[in-house]
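Secondary and tertiary structure notes
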Amino acid sequence: MYIDSHVHGDPSAIDDPRAYVAACRERGIEAIVLIEPLDRCLQAVERFGDFIIPVARIEMDAAGVGEIERCIRSGCRGVKFIRPAAPYGDERYWPLYARLEELGAVAVYHTGYLGTRGREMRPVQIEHMRAAQIDAIARRFPELKILMAHYSNPWWEEAWKISWSHPNVYADLSGGTAIHRATRMWAEIFAPDGALLESSVRKLCFGSDVRYFQEGAFAFEPYIAFYDRILDRIGASESLKSQVYWGNVRQLFGLDGE
Ligand SMILES: [Zn+2]
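A brief report on the enclosed structure follows. Each residue is numbered by its place in its chain's sequence as written, counting from 1. Predicted model: local features are reported for residues with pLDDT of at least 70 only, side-chain atom pairs are reported and counted for 80 or more only, and whole-chain, interface and lining totals are derived from all residues. No hydrogens and no water enter the side-chain calculation; it runs on all heavy atoms of the structure.

1. Things to note about the overall build of the protein
Note on conventions: DSSP H or I runs of at least 4 residues are helices, E runs of at least 2 residues are strands, and numbering of each starts at the N terminus. Within the protein one finds 10 helices and eight strands. We compute the radius of gyration from the C-alpha atoms alone; for a globule the expected value is 2.2 Å times N to the 0.38, where N is the number of residues. The C-alpha radius of gyration computed for the protein amounts to 17 Å, which stays within 12% of the reference 18 Å derived for 258 residues, consistent with globular compactness. With respect to the three principal axes, the spread of C-alpha positions in the protein is 50 × 45 × 45 Å. Of the contacts formed within the protein by residues at least 6 apart in sequence, a portion of 71% connects residues at least 24 apart. Entry remark: accessible area of the protein is about 11500 Å², with carbon and sulfur atoms responsible for 47%. The positive charge centre, built from 30 side chains, and the negative charge centre, built from 36, are 3 Å apart in the protein. Contacts are residue-level and defined by heavy atoms, with any inter-residue pair within 4.5 Å sufficient. Areas reported as accessible are Shrake-Rupley estimates using a 1.4 Å probe. Residue values count occlusion only from the protein chains shown. His is not counted here, nor are the chain ends, while Lys and Arg score as positive and Asp and Glu score as negative. Each charge is placed at NZ for Lys, CZ for Arg, CG for Asp and CD for Glu.

Here's what the structure looks like:
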């Protein structure tokens, strides 16, 4: 069983939600963390029920604390940050992080490289989104629950060190790049010289960053195989695997005890 910690998609594209959820669960996906604007997240929950763990994507340079509150009060488990005008760790964003920390909700950060779409209106500085910024936030807000998406591609080493060192920082290998690196590269990170360094991989979460809600298409399947390959190669125990595949996400988003 897996919970996909990072997905997108338009829930209205599916005619029969019950059949769609059954098809995903048959393939191992028990639930998904859907990252979309608030209204789309709420629509998804309405149609797909507990298959959805909603996380609202906000415009962090325009949003205030009120928008954070609105997202969490309406049922989202967290908020997604991306494309900041200043580095993520900049003081201007602290009120947003402080409120999330108080609410016990999750801050999901896009970390690392961000693709370009045509001619961008707003400049993107990938330096603003590297894992070192998450380090600054975790030091300032140690209780803030953080999910570092995409393992800070290509600053993998930073992400490894920072998720290992901060108790509330989790990370995933979702997105189009990590999956293209050699299994043995990842194995070397998590099991140097073949010896599993469990504390360094314990807060990894399964995640794909693919689109869901496409009839008959299950783009997450290569990611299941990718994670399986890494965890098998490093000799992960069954309990470590279940933590990575679903346990961490349940814990992070406060779904245990529900
Ligand atoms: Zn994404």
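After that view, the rundown keeps rolling.
2. What about the coordination of the zinc ion?
At the metal site, the zinc ion is ligated by His-6 (NE2), His-8 (NE2) and Asp-209 (OD), and these contacts range over 2.0 to 2.2 Å. All donors of the zinc ion come from a single chain, and their spacing in sequence reads H-x1-H-x200-D. In this pair, His-6 is assigned in strand E1 (residues 2-7) and Asp-209 in the loop between strand E8 (204-205) and helix H9 (221-233), connecting sequence segments 203 residues apart. Between buried and exposed lies partly exposed: a residue is buried under 20% and exposed over 50% of the maximum accessible area for its type, with that area taken using a 1.4 Å probe on protein chains only. Residue class for His-6 comes out buried when judged on its relative accessible area of 1%. Exposure remark for Asp-209: the relative accessible area of 26% places this residue in the partly exposed category. Here the coordinating atoms are restricted to nitrogen, oxygen and sulfur within 2.8 Å of the metal centre, or 3.2 Å for Na, K and Ca, and because water is not among them the sites may look incomplete.

3. Let's talk about unusual backbone geometry
With omega at 5°, the peptide bond leading from Asn-153 into Pro-154 counts as cis. Note on placement: Pro-154 falls in the loop between strand E6 (145-149) and helix H6 (156-165). Positive phi, normally seen in glycine, also occurs at Tyr-151, with a value near 55°. You can see Tyr-151 is positioned in the loop between E6 and H6.

4. What to know about the pairing of strand E5 (residues 106-110)
Taken across its five residues, E5 has five buried, putting it largely inside the fold. Burial along E5 is two-sided: Val-106, Val-108 and His-110 facing one way and Ala-107 and Tyr-109 facing the other are all buried. DSSP calls a pair of strands paired once it identifies at least 2 bridges connecting them. Sheet analysis places strand E4 (residues 78-81) next to E5, joined by four bridges and oriented parallel. From the neighbouring strand, Phe-81 faces E5, where its bridge partner is Tyr-109.

These figures come from the coordinates and say nothing about function on their own.
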